[in-house]
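Below are the chains, spelled out letter by letter.
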Amino acid sequence: MKLDNSKFDIICNTVDNGIILINKNLEVQFWNKWLEIRTGINSNDIVGNNLLNFYPNIDEKKLIRKITTALKLNSSTFYTPQISKFLVDIELGKVADKVFDNMQQSITITPLDLENELVIIYVYDVTLLSEINFKLNEVKEKVEEKNEELKLLFDTTMEAIIVFKDNKIIDCNQVAIDLFEYSSKKSLLDKNFEQIITNKNILEKASDKPFETTIHKENGTSFKALINIKDNSFKSQSFKILTIVDVSDIKRKETLLAEQSKLAAMGEMIGNIAHQWRQPLNIISITASSTKLKKEIGLLTDKVLIDALKLISDTTEHLSNTIDVFKDFLKEDKEKSLFNLSVNIQNNISLIETILNENKIKIELDLDNDIYLYNYSNEFSQAFINILDNASDAISLNLAQDELRLIKISTKQENNEAIILITDNAGGIDKNIINKIFEPYFTTKHKFQGTGLGLYMTHKIIKTSMKGKIMVSNETFTHEDKLYTGATFKIVLASHS
């Protein structure tokens with residue numbers, strides 16, 4: 001069908017995006033009003049000329065290749081500029097708090113006339129979406145900064161520290177003075193160990209790990225405490241260092257840790273979803289615009305219409321599913337519920353799919369689809385994602401971009417228990433800290449691939465909330481006839497038959 005040029009001009013000059021009619025030699029055949037207004041280039045000046053004469057920075061080879069591909073496949077294709085985020089330079093006005101100096105653009109190339117090798121280049125203004133993504137990343141960085149400040153605060157103020165020499169107190173911090181309700185450090189100095197810890201069996205329990213006990217004060221009151229006792233030597237002199245944490249205080253701070261962990265995860269999820277939505281939204285917009293244009297110029301067939309509507313419907317369903325999964329992640333579990341383990345794991349992976357793809361991490365699944373748990377599904381999601389985040393961090397830290405980056409996830413059922421194994425190929429965890437990575441206070445003081453806060457909260461969720469077990473070990477395994485070593489996290493939970 002011959003194109004009605006006047007009708008084409010009217011339609012293209014009224015749409016709210018740029019339209020360039022161009023051949024594969026980059027000779028401009030049409031330049032709509034939207035582009036005239038925003039670029040300052042009149043249609044009469046550019047039509048009949050090569051686009052490169054006006055925009056020499058365009059990647060000529062890539063643009064021609066994309067146009068040729070669209071014509072050959074008779075299908076739309078996306079064009080992503082290499083040098084900048086825009087095809088044609090469109091300077092933004094002087095707006096307060098603007099992020100970018102130039103309009104950010106999404107470029108789509110759609111075949112129009114195969115015989116004459118003509119395509120339509122659609123230029124969409126995505127500055128607002130780009131600004132939202134930019135600001136979301138800023139929020140994410142601020143949340144991470146606050147988390148680091150929180151860790152520093154805990155390291156310096158949460159523990160009461162008392163130093164003994166020859167069984168006499170020679171030093172302590174302000175937290176210890178306040179905890180035992182003394183007026184000054186001088187009141188504590190020279191007291192012996194038994195005056196502070198009255199339980200005579202306490203030294204027999206002392207080990208490298210913190211443990212709970214009851215501490216009695218001189219005023220007759222007592223409190224439950226988490227304590228740790230370390231024997232140290234310096235210049236041939238022996239010292240005993242006692243650290244004490246009031247359990248009532250730690251419970252309040254554990255709640256804060258959980259909230260901070262959730263906020264950090266939420267910030268990351270929001271960034272992921274914004275990133276994942278960009279292309280589906282573009283597909284819907286482009287499909288609708290292209291279908292409307294073909295209808296107006298008389299090129300719309302029943303098949304093209306049905307295919308376009310199906311694509312829009314499928315893409316909308318994908319967006320809806322993403323929101324449903326994210327809403328489930330945000331819910332606070334008030335009571336236990338029955339859920340399918342495989343579905344939960346696959347939904348969790350979809351939430352951080354963008355991070356895994358950007359880090360070029362391959363996920364290998366071996367799931368038993370018949371395992372059901374009667375437990376807190378959302379808390380399991382948080383623990384599972386924490387482990388995947390740590391595995392991702394470890395892989396990014398230890399493996400080059402061109403190396404295989406692998407996380408293996410498997411589930412199986414044995415004796416009414418569900419066993420979840422998560423293994424990476426990042427080389428494993430330092431043997432000096434592998435037994436401490438789930439403990440509070442240790443993970444922030446040792447170098448480890450990942451966030452110690454996440455592992456501590458993961459351990460607490462699995463052990464305390466879900467009444468399960470979690471273990472970590474270094475394992476060597478074979479993948480595609482090659483040997484790899486990495487950390488394996490094993491979670492054991494009661495299954496529901």
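Reference entry: report on the structure contained in this document. (Residues numbered from 1 in each chain as written. Predicted model: local features only at pLDDT ≥ 70, side-chain atom pairs only at ≥ 80, totals over all residues. Heavy atoms only, no water.)

## Points about the overall build of the protein
1) Next: Of the regular secondary structure elements, the protein holds 14 helices and 17 strands.
2) Next: Within the protein, the fraction of its 497 residues that count as buried is 44%.
3) Next: Taking contacts inside the protein between residues at least 6 apart in sequence as the whole, the part at least 24 apart equals 60%.
4) Next: Carbon and sulfur atoms make up 50% of the accessible area of the protein, which amounts to about 27,100 Å² in all. (Helix = DSSP H or I, 4+ residues; strand = E, 2+ residues; numbered from the N terminus. Buried < 20%, exposed > 50% of the residue type's maximum accessible area, 1.4 Å probe, protein only. Contact = heavy atoms within 4.5 Å. Areas by Shrake-Rupley, 256 points an atom, 1.4 Å probe, with all protein chains shown as cover.)

## Quick word on the pairing of strand β14 (residues 406–414)
1) Next: For strand β12 (residues 362–366) and β14, the ladder comprises 5 bridges, and the chain directions are parallel. Looking at the pairing, Asp-366 lines up with Ser-410 of β14.
2) Next: Linkage of β14 to strand β15 (residues 417–424), two consecutive antiparallel strands, is achieved through a turn of 2 residues, within which Asn-415 is found at a positive phi near 50°. (Pairing = 2+ DSSP bridges.)

## A look at the packing of aromatic side chains
1) Next: Inspection of the entire model under this criterion finds 5 aromatic pairs.
2) Next: Relative to Tyr-124, the ring of Tyr-122 has its centre 6.1 Å away and its plane inclined at 20°; by these criteria the two rings are stacked.
3) Next: Positioned over the ring face of Tyr-79 is Lys-62, at 5.6 Å from the centre of the ring. (Phe/Tyr/Trp six-rings, centres within 6.5 Å; stacked < 30°, edge-to-face > 60°. Lys NZ or Arg CZ within 6 Å of the ring centre and 35° of its normal.)

## Quick look at the sheet that holds β12
1) Next: The 5 strands are arranged β12-β14-β15-β17-β16 in an open sheet whose pairing can be described as mixed. Edge positions in the open sheet fall to β12 and β16 (469–479), since each of these has one partner strand only. Put simply, the sheet's adjacent strands are angled 20° from each other on average, direction ignored.
2) Next: For β16 and strand β17 (residues 482–494), the ladder comprises 11 bridges, and the chain directions are antiparallel. Pairing of Phe-477 across the sheet is with Tyr-484, part of β17.
3) Next: Lying on the sheet, helix α11 (residues 341–351) is in contact with β12, β14 and β15; it crosses β14 at an angle near 165°.
4) Next: Against the sheet, helix α13 (residues 377–398) makes contact with β14, β15, β16 and β17, and its axis sits at roughly 145° relative to β14, the strand it touches most. (Axes fitted to C-alpha atoms, helices over the stretch in contact; angles between N-to-C directions.)

## Quick word on the pattern of salt bridges
1) Next: Enumeration over the complete set of coordinates arrives at 8 salt bridges.
2) Next: For Lys-240, the salt bridge goes to Asp-231, with nearest N and O atoms at 2.7 Å.
3) Next: Between Lys-362 and Glu-480 there is a salt bridge; the shortest N-O distance is 4.0 Å. With a gap of 118 residues between them, Lys-362 in strand β12 and Glu-480 in the loop between β16 and β17 connect regions that are remote in the sequence.
4) Next: Judged by its relative accessible area of 61%, Glu-480 falls in the exposed class. (Salt bridge = Lys/Arg side-chain N within 4 Å of Asp/Glu carboxyl O.)

## What about the pairing of strand β5 (residues 118–125)?
1) Next: Counting buried positions over the 8 residues of β5 gives 7, a clear majority of the element.
2) Next: By the bridge criterion, 6 bridges tie strand β1 (residues 18–23) to β5 in an arrangement that is antiparallel. Paired with Ile-20 across the bridge in β5 is Ile-121.
3) Next: Both strand β4 (residues 105–113) and β5 contribute to a ladder of 8 bridges, which runs antiparallel. Bridging from a neighbouring strand, Gln-105 pairs with Asp-125 of β5.

## With respect to the packing of α11 against α13
1) Next: One can describe the packing of α11 onto α13 by two numbers: an axis separation of 10 Å at closest approach and a directional angle of 50°. In terms of orientation, α11 and α13 fall into the oblique class. When the axes of α11 and α13 are compared, the crossing they make is right-handed. Across from Leu-341, Asn-344, Ile-345, Asn-348, Ile-349 and Leu-351 in α11, the residues of α13 making contact are Ser-377, Phe-380, Ser-381, Phe-384, Ile-385 and Leu-388.
2) Next: Taken together, the residues that form the contact of α11 with α13 break down as 8 nonpolar, 4 polar and no charged. (Parallel < 35°, antiparallel > 145°, perpendicular 65-115°, else oblique. Left-handed = near helix turned anticlockwise from the far one by under 90°. Nonpolar A, V, L, I, M, F, W, Y, C, P; charged D, E, K, R; others polar.)

## What about unusual backbone geometry?
1) Next: Despite not being glycine, Glu-117 shows a phi value in the positive range, around 55°.
2) Next: Position of Glu-117 relative to the elements: it lies in the loop between β4 and β5.
3) Next: Although it is not a glycine, Asn-167 sits at a positive phi angle of roughly 65°.

## Here we look at a nonpolar patch on the surface
1) Next: Where nonpolar side chains cluster on the molecular surface, the patch consists of Leu-338, Tyr-372 and Tyr-374 and spans about 310 Å² of accessible area.
2) Next: The topology assignment puts Tyr-374 in strand β13 (residues 372–375). (Patch = residues over 30% accessible without salt bridge, like charges linked within 9 Å, V, L, I, M, F, W, Y side chains within 5 Å.)

## Regarding the environment of Phe-489
1) Next: Among the structural elements, Phe-489 can be located in strand β17.
2) Next: Excluding anything up to four places from it in sequence, Phe-489 contacts Ile-387, Ile-420, Leu-421, Ile-422, Ile-437, Phe-438, Leu-455, Met-471 and Val-472.

## Looking at the side chain of Thr-423
1) Next: One can find Thr-423 in strand β15.
2) Next: Its relative accessible area of 11% is what places Thr-423 among the buried residues.
3) Next: Of note is the side chain of Thr-423, whose polar atom sits 2.8 Å from the side chain of Thr-488.
4) Next: Thr-423 has contacts with Leu-406, Ile-407, Lys-408, Phe-477, Ala-487 and Thr-488, leaving out every residue within four places of it along the chain. (Polar contact = N/O pair within 3.5 Å; in protein donor to acceptor, adjacent residues only side chain to side chain.)

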